[in-house]
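Results of the structural survey
Read off the chains here:
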Amino acid sequence: MLPRMRTAIIAGNWKMYKTAAAAVSLIKDLEGKLEGAGDVEVVVCPPFTALSSVASALRSGGASIKLGAQNLHWETEGAFTGEISPLMLTELGVRYVIIGHSERRQHFGETDETVNLKVAAAFAHGLLPIACVGESLEQREAGSTSQVVERQVLSGLGGLTPEAANSLVVAYEPIWAIGTGRNATPEDANDVIRHIRAVIGSMYGPEAARQVRLLYGGSVKPDNVDAFMEEPDIDGALVGGASLDAAGFARIVKFQSPVRPA
Ligand code: PGA
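Here's a quick rundown of the structure. (Residues numbered from 1 in each chain as written. Predicted model: local features only at pLDDT ≥ 70, side-chain atom pairs only at ≥ 80, totals over all residues. Heavy atoms only, no water.)

Brief notes about the sheet that holds strand β6 (residues 169–172)
Strand order in this closed barrel of 8 strands is β1-β2-β3-β4-β5-β6-β7-β8, and the pairing throughout is parallel. Direction aside, neighbouring strands of the sheet carry axes that sit 25 degrees apart on average. One ladder, built from 6 bridges, connects strand β1 (residues 8–13) with strand β2 (residues 40–45); its direction is parallel. Bridged to alanine 11 within β2 is valine 43. (Pairing = 2+ DSSP bridges. Helix = DSSP H or I, 4+ residues; strand = E, 2+ residues; numbered from the N terminus. Axes fitted to C-alpha atoms, helices over the stretch in contact; angles between N-to-C directions.)

This is the structure:
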(Lines give C-alpha, C1' and ligand atoms only; values in the text may rest on other atoms or scores of the structure.)
Protein backbone atom coordinates (compact mmCIF):
# COMPACT_ATOMS: atom_id res chain seq x y z
CA MET A 1 0.00 0.00 0.00
CA LEU A 2 1.20 3.48 -0.79
CA PRO A 3 1.30 5.93 2.12
CA ARG A 4 -0.91 9.00 2.40
CA MET A 5 0.77 12.07 1.00
CA ARG A 6 1.06 13.60 4.49
CA THR A 7 0.85 11.85 7.85
CA ALA A 8 -2.69 12.26 9.13
CA ILE A 9 -3.38 13.95 12.47
CA ILE A 10 -6.42 13.39 14.62
CA ALA A 11 -6.43 15.88 17.50
CA GLY A 12 -8.88 15.96 20.38
CA ASN A 13 -9.72 19.39 21.79
CA TRP A 14 -11.08 18.68 25.27
CA LYS A 15 -11.95 22.36 25.82
CA MET A 16 -12.90 23.15 29.44
CA TYR A 17 -13.85 19.57 30.24
CA LYS A 18 -12.22 17.02 32.55
CA THR A 19 -10.57 17.49 35.91
CA ALA A 20 -7.07 16.04 36.11
CA ALA A 21 -8.40 12.77 37.56
CA ALA A 22 -11.10 12.44 34.90
CA ALA A 23 -8.57 13.28 32.17
CA VAL A 24 -6.29 10.45 33.29
CA SER A 25 -9.12 7.96 33.25
CA LEU A 26 -10.13 9.08 29.75
CA ILE A 27 -6.55 8.63 28.53
CA LYS A 28 -6.30 5.16 30.04
CA ASP A 29 -9.58 4.21 28.44
CA LEU A 30 -8.46 5.60 25.10
CA GLU A 31 -5.07 3.89 25.17
CA GLY A 32 -6.81 0.55 25.50
CA LYS A 33 -8.79 1.20 22.33
CA LEU A 34 -6.18 2.45 19.88
CA GLU A 35 -4.69 -0.85 18.86
CA GLY A 36 -4.94 -1.36 15.14
CA ALA A 37 -4.88 2.36 14.31
CA GLY A 38 -3.12 3.17 11.04
CA ASP A 39 -0.32 5.61 10.39
CA VAL A 40 -1.83 8.58 12.18
CA GLU A 41 -0.59 11.05 14.77
CA VAL A 42 -2.98 11.14 17.69
CA VAL A 43 -2.96 14.30 19.78
CA VAL A 44 -4.99 15.10 22.89
CA CYS A 45 -5.35 18.65 24.19
CA PRO A 46 -6.61 18.62 27.79
CA PRO A 47 -7.06 21.78 29.88
CA PHE A 48 -3.86 23.24 31.37
CA THR A 49 -4.63 21.82 34.82
CA ALA A 50 -4.66 18.26 33.50
CA LEU A 51 -1.53 18.45 31.31
CA SER A 52 0.88 17.26 33.96
CA SER A 53 -1.21 14.24 35.03
CA VAL A 54 -1.98 13.30 31.43
CA ALA A 55 1.74 13.61 30.56
CA SER A 56 2.63 11.13 33.32
CA ALA A 57 -0.15 8.77 32.27
CA LEU A 58 1.13 8.91 28.67
CA ARG A 59 4.69 8.19 29.79
CA SER A 60 3.60 5.03 31.55
CA GLY A 61 1.13 3.96 28.87
CA GLY A 62 1.97 2.09 25.70
CA ALA A 63 0.22 4.16 23.03
CA SER A 64 2.05 6.92 21.20
CA ILE A 65 -0.45 9.67 21.90
CA LYS A 66 1.02 13.18 21.78
CA LEU A 67 0.16 15.93 24.18
CA GLY A 68 -1.19 19.29 23.09
CA ALA A 69 -2.33 22.44 24.90
CA GLN A 70 -5.26 24.66 23.97
CA ASN A 71 -3.54 28.03 24.15
CA LEU A 72 -0.32 29.77 25.20
CA HIS A 73 1.07 33.27 25.72
CA TRP A 74 3.76 34.47 23.36
CA GLU A 75 6.15 35.70 26.05
CA THR A 76 8.47 33.27 27.82
CA GLU A 77 7.71 34.81 31.20
CA GLY A 78 6.47 38.07 32.66
CA ALA A 79 3.74 39.89 34.52
CA PHE A 80 0.80 38.33 32.65
CA THR A 81 -1.57 37.14 35.34
CA GLY A 82 -3.44 34.01 34.37
CA GLU A 83 -1.36 33.23 31.29
CA ILE A 84 0.80 30.20 30.47
CA SER A 85 4.09 30.48 28.59
CA PRO A 86 5.51 28.16 25.93
CA LEU A 87 8.32 27.21 28.30
CA MET A 88 5.81 26.00 30.88
CA LEU A 89 4.24 23.78 28.25
CA THR A 90 7.41 22.25 26.84
CA GLU A 91 8.56 21.43 30.37
CA LEU A 92 5.52 19.17 30.69
CA GLY A 93 6.18 17.34 27.43
CA VAL A 94 3.62 19.27 25.40
CA ARG A 95 4.31 19.02 21.64
CA TYR A 96 1.32 20.70 20.02
CA VAL A 97 -0.69 23.81 20.83
CA ILE A 98 -4.04 24.92 19.46
CA ILE A 99 -3.87 28.61 18.55
CA GLY A 100 -6.64 31.02 17.64
CA HIS A 101 -9.57 28.67 18.18
CA SER A 102 -12.79 30.49 17.29
CA GLU A 103 -13.94 30.28 20.93
CA ARG A 104 -10.83 32.21 21.93
CA ARG A 105 -11.36 34.73 19.15
CA GLN A 106 -15.03 35.11 20.11
CA HIS A 107 -14.86 35.14 23.92
CA PHE A 108 -11.32 36.22 24.72
CA GLY A 109 -10.55 38.83 22.11
CA GLU A 110 -7.94 36.93 20.12
CA THR A 111 -7.13 38.39 16.73
CA ASP A 112 -5.04 37.46 13.73
CA GLU A 113 -2.28 39.59 15.28
CA THR A 114 -2.23 37.64 18.56
CA VAL A 115 -2.47 34.41 16.58
CA ASN A 116 0.62 35.48 14.66
CA LEU A 117 2.57 36.25 17.86
CA LYS A 118 1.52 32.94 19.38
CA VAL A 119 2.35 30.88 16.28
CA ALA A 120 5.84 32.44 16.17
CA ALA A 121 6.33 31.81 19.91
CA ALA A 122 5.22 28.20 19.57
CA PHE A 123 7.75 27.52 16.81
CA ALA A 124 10.49 29.36 18.73
CA HIS A 125 10.00 26.87 21.56
CA GLY A 126 9.73 23.76 19.40
CA LEU A 127 5.95 23.44 19.73
CA LEU A 128 3.83 22.69 16.67
CA PRO A 129 0.89 25.06 16.36
CA ILE A 130 -2.53 23.87 15.26
CA ALA A 131 -3.70 27.25 14.04
CA CYS A 132 -7.45 27.62 13.63
CA VAL A 133 -9.29 29.58 10.97
CA GLY A 134 -12.92 29.63 9.87
CA GLU A 135 -15.87 31.79 8.95
CA SER A 136 -19.09 32.61 10.79
CA LEU A 137 -22.50 31.66 9.45
CA GLU A 138 -23.10 35.26 8.44
CA GLN A 139 -19.85 35.35 6.49
CA ARG A 140 -20.63 32.05 4.81
CA GLU A 141 -24.09 33.23 3.82
CA ALA A 142 -22.61 36.44 2.45
CA GLY A 143 -20.36 34.31 0.24
CA SER A 144 -17.16 35.58 1.86
CA THR A 145 -15.73 32.32 3.25
CA SER A 146 -12.69 32.36 0.96
CA GLN A 147 -11.77 35.98 1.73
CA VAL A 148 -12.23 35.47 5.49
CA VAL A 149 -9.98 32.44 5.74
CA GLU A 150 -7.51 33.99 3.33
CA ARG A 151 -7.16 37.06 5.55
CA GLN A 152 -6.83 34.87 8.65
CA VAL A 153 -4.08 32.85 7.00
CA LEU A 154 -2.22 35.83 5.52
CA SER A 155 -2.13 37.82 8.75
CA GLY A 156 -2.17 35.02 11.33
CA LEU A 157 0.45 32.83 9.70
CA GLY A 158 2.83 35.35 8.12
CA GLY A 159 6.53 35.86 8.80
CA LEU A 160 7.52 32.24 9.42
CA THR A 161 10.78 30.59 8.43
CA PRO A 162 10.51 28.10 5.54
CA GLU A 163 11.04 25.17 7.96
CA ALA A 164 8.27 26.40 10.24
CA ALA A 165 5.92 26.96 7.31
CA ASN A 166 6.49 23.38 6.13
CA SER A 167 5.58 21.93 9.51
CA LEU A 168 2.50 24.10 10.10
CA VAL A 169 -0.79 22.49 11.00
CA VAL A 170 -3.89 24.53 10.21
CA ALA A 171 -7.43 23.57 11.21
CA TYR A 172 -10.29 24.87 9.12
CA GLU A 173 -13.24 25.08 11.45
CA PRO A 174 -16.37 26.83 10.17
CA ILE A 175 -17.73 28.46 13.33
CA TRP A 176 -21.31 27.46 12.53
CA ALA A 177 -20.26 23.78 12.51
CA ILE A 178 -18.58 23.76 15.93
CA GLY A 179 -20.56 21.91 18.59
CA THR A 180 -23.74 22.24 16.56
CA GLY A 181 -23.97 18.86 14.87
CA ARG A 182 -24.00 20.72 11.55
CA ASN A 183 -21.15 19.96 9.19
CA ALA A 184 -19.66 21.48 6.17
CA THR A 185 -20.03 18.88 3.45
CA PRO A 186 -16.74 17.08 2.87
CA GLU A 187 -16.58 18.63 -0.61
CA ASP A 188 -17.14 22.17 0.72
CA ALA A 189 -14.58 21.63 3.47
CA ASN A 190 -12.10 20.34 0.91
CA ASP A 191 -12.66 23.36 -1.33
CA VAL A 192 -11.88 25.79 1.48
CA ILE A 193 -8.93 23.70 2.60
CA ARG A 194 -7.57 23.56 -0.95
CA HIS A 195 -7.80 27.34 -1.02
CA ILE A 196 -5.89 27.57 2.28
CA ARG A 197 -3.20 25.33 0.79
CA ALA A 198 -2.96 27.64 -2.21
CA VAL A 199 -2.69 30.72 0.02
CA ILE A 200 0.12 29.07 1.99
CA GLY A 201 1.76 28.22 -1.34
CA SER A 202 1.58 31.88 -2.34
CA MET A 203 3.21 32.88 0.96
CA TYR A 204 5.87 30.19 1.33
CA GLY A 205 6.15 28.35 -1.98
CA PRO A 206 5.12 24.98 -3.39
CA GLU A 207 7.04 22.87 -0.87
CA ALA A 208 5.15 24.43 2.04
CA ALA A 209 1.86 23.95 0.18
CA ARG A 210 2.75 20.29 -0.29
CA GLN A 211 3.82 19.68 3.31
CA VAL A 212 1.46 21.79 5.42
CA ARG A 213 -1.15 19.65 7.13
CA LEU A 214 -4.69 20.91 6.98
CA LEU A 215 -7.38 19.57 9.28
CA TYR A 216 -11.12 19.93 9.23
CA GLY A 217 -12.97 20.62 12.48
CA GLY A 218 -16.62 21.10 13.35
CA SER A 219 -18.87 18.26 14.53
CA VAL A 220 -16.53 15.50 13.35
CA LYS A 221 -18.02 12.23 14.62
CA PRO A 222 -17.37 8.50 14.21
CA ASP A 223 -20.05 8.34 11.54
CA ASN A 224 -18.79 11.18 9.33
CA VAL A 225 -14.99 11.10 9.72
CA ASP A 226 -14.45 8.66 6.86
CA ALA A 227 -16.11 10.98 4.36
CA PHE A 228 -13.91 13.90 5.41
CA MET A 229 -10.77 11.78 5.30
CA GLU A 230 -11.58 10.68 1.76
CA GLU A 231 -11.02 14.23 0.53
CA PRO A 232 -7.58 14.73 -1.00
CA ASP A 233 -6.65 17.95 0.79
CA ILE A 234 -7.94 17.03 4.25
CA ASP A 235 -5.12 15.60 6.34
CA GLY A 236 -6.96 15.06 9.59
CA ALA A 237 -9.48 16.38 12.06
CA LEU A 238 -9.70 18.60 15.10
CA VAL A 239 -12.38 16.99 17.21
CA GLY A 240 -14.19 18.64 20.12
CA GLY A 241 -17.22 16.94 21.67
CA ALA A 242 -16.56 13.50 20.18
CA SER A 243 -13.02 13.44 21.62
CA LEU A 244 -14.44 13.16 25.14
CA ASP A 245 -15.69 9.66 24.48
CA ALA A 246 -12.89 7.07 24.29
CA ALA A 247 -14.68 4.61 22.02
CA GLY A 248 -15.92 7.32 19.65
CA PHE A 249 -12.55 9.06 19.47
CA ALA A 250 -10.79 5.73 18.87
CA ARG A 251 -13.14 5.10 15.95
CA ILE A 252 -12.33 8.54 14.56
CA VAL A 253 -8.60 7.75 14.86
CA LYS A 254 -9.24 4.54 12.92
CA PHE A 255 -10.91 6.39 10.06
CA GLN A 256 -11.20 4.48 6.82
CA SER A 257 -10.05 6.22 3.70
CA PRO A 258 -8.56 5.29 0.37
CA VAL A 259 -4.79 5.43 0.42
CA ARG A 260 -3.49 8.03 -1.96
CA PRO A 261 -0.20 8.10 -3.79
CA ALA A 262 2.32 10.83 -3.01
P1 PGA B 1 -16.81 19.98 17.86
O2 PGA B 1 -15.64 21.02 18.18
O3 PGA B 1 -16.16 18.74 17.31
O4 PGA B 1 -17.47 19.73 19.19
O5 PGA B 1 -17.72 20.62 16.87
C6 PGA B 1 -14.55 21.19 17.31
C7 PGA B 1 -13.62 22.23 17.87
O8 PGA B 1 -14.10 23.20 18.45
O9 PGA B 1 -12.38 22.13 17.73
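Some points on the site of the ligand
Contacts to the ligand come from 13 residues, most closely from Lys15, His101, Glu173, Gly179 and Ser219. Note that an oxygen atom of the ligand is positioned 2.7 Å from one of the side-chain N or O atoms of lysine 15. Serine 219 places a main-chain nitrogen or oxygen 2.7 Å from an oxygen atom of the ligand. Compared with its free state, where it exposes 280 Å², the ligand has 98% of that area covered by protein. (Near = heavy atom within 4 Å. Polar contact = N/O pair within 3.5 Å; in protein donor to acceptor, adjacent residues only side chain to side chain. Areas by Shrake-Rupley, 256 points an atom, 1.4 Å probe, with all protein chains shown as cover.)

Considerations on the nonpolar core
Ile196 and Tyr216 are the most contacted members of the largest nonpolar core, which has 69 residues in total. Beyond its immediate chain neighbours, meaning those up to four positions away, isoleucine 196 contacts Val133, Val149, Val153, Val170, Tyr172 and Leu214. Ala11, Val43, Leu215 and Leu238 belong to the second largest nonpolar core, which has 12 residues in total. (Core = buried A, V, L, I, M, F, W, Y, C linked by side-chain atoms within 4.5 Å. Buried < 20%, exposed > 50% of the residue type's maximum accessible area, 1.4 Å probe, protein only. Contact = heavy atoms within 4.5 Å.)

Notes on unusual backbone geometry
Phi is mostly negative for residues that are not glycine, and the peptide bonds are mostly trans. A positive phi is found at lysine 15, a non-glycine position, where the angle reads about 50 degrees. Mapped onto the fold, lysine 15 is located in the loop between β1 and α1 (20–31). On the accessibility criterion, lysine 15 (18% relative accessible area) is buried.

Overview of the pattern of salt bridges
This model, assessed by the stated rule, comprises 17 salt bridges. In this structure, arginine 251 engages aspartate 226 in a salt bridge whose closest nitrogen and oxygen atoms are separated by 2.6 Å. Note that arginine 251 is positioned in helix α12 (residues 246–253) and aspartate 226 in helix α11 (residues 225–229), a separation of 25 residues in sequence. Among the ionic contacts, a cluster of salt bridges with common partners joins Arg6, Asp191, Arg194, Arg197, Asp233 and Asp235. (Salt bridge = Lys/Arg side-chain N within 4 Å of Asp/Glu carboxyl O.)

What about the side chain of serine 243?
For serine 243, the position within the fold is in the loop between β8 (236–239) and α12. For serine 243, a relative accessible area of 2% gives the class buried. A distance of 2.7 Å separates the side chain of serine 243 from the backbone oxygen of glycine 240, its partner in a polar contact. In contact with serine 243, other than residues within four places in its own chain, are Gly12, Asn13, Trp14, Leu26 and Phe249.

Description of the side chain of serine 85
Along the chain, serine 85 falls in the loop between β3 (65–69) and α3 (86–91). Assessed through its relative accessible area of 5%, serine 85 is described here as buried. Contacts of serine 85, omitting those with residues within four sequence positions, involve His73, Glu75, Thr76 and Glu77.

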